[in-house]
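Observations on the three-dimensional arrangement
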Amino acid sequence: MARMTCKCGEILSNVLVPNDVQLRVYTDEEWDAIIQSNSMDSLAIPFPKYDIWRCYKCERIYVCDWEYGKVIKTFILEED
Ligand SMILES: [Zn+2]
């Protein structure tokens, strides 16, 4: 479990399970490999390679690599 402060000042946390902060994102190739490696009797879905967090206030997206203990990319909505 972790928490971080978004650049907008909102505190983000994954303490609640389930929560509305973490997104489970897989590439199509990763998802296909997961499906191919499972049988119909048991379904084992590994955690995705990256932890994706979304701020519910400003909608920034953070791509976290906890193996290295840090955010590696931040995406923000573009103003029109
Ligand atoms: Zn935010």
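An unreviewed UniProt entry lists the protein chain under the name CxxH/CxxC protein, from Paenibacillus silvae.

To continue, consider the pairing of strand β4 (residues 51-54). Judged from the 2 bridges that link them, strand β3 (residues 22-23) and β4 form a sheet pairing that is antiparallel. In the strand pairing of β4, Gln22 is matched with Trp53. Here 4 bridges tie β4 to strand β5 (residues 61-65), and the two strands are oriented antiparallel to one another. By the bridge assignment, Asp51 is partnered in β5 with Cys64. Between β4 and β5, which pair antiparallel one after the other, the connecting turn spans 6 residues, and Glu59 there sits at a positive phi close to 70°.

Strands sit in the order β3-β4-β5-β6 across an open sheet of 4 strands; the sheet is antiparallel. Single-partner strands in this sheet number two, and they are β3 and β6 (70-75).

Attention now goes to the layout of surface pockets. Roughly 240 Å³ of volume is contained in the largest pocket. Along the wall of the largest pocket there are 17 residues; nearest its centre are Asn14, Gln22, Arg24, Phe47 and Asp51. Among the residues forming the lining of the largest pocket, the class breakdown is 9 nonpolar, 3 polar and 5 charged.

How each quantity is defined
Residues numbered from 1 in each chain as written. Predicted model: local features only at pLDDT ≥ 70, side-chain atom pairs only at ≥ 80, totals over all residues. Heavy atoms only, no water. Pairing = 2+ DSSP bridges. Helix = DSSP H or I, 4+ residues; strand = E, 2+ residues; numbered from the N terminus. 1 Å grid on protein atoms, 1.4 Å probe; cavity = no way out; pocket = protein on both sides within 12 Å on 5 of 7 lines; lining within 4 Å. Points joined across faces, edges and corners; volume = space filled by probe spheres on them. Nonpolar A, V, L, I, M, F, W, Y, C, P; charged D, E, K, R; others polar.

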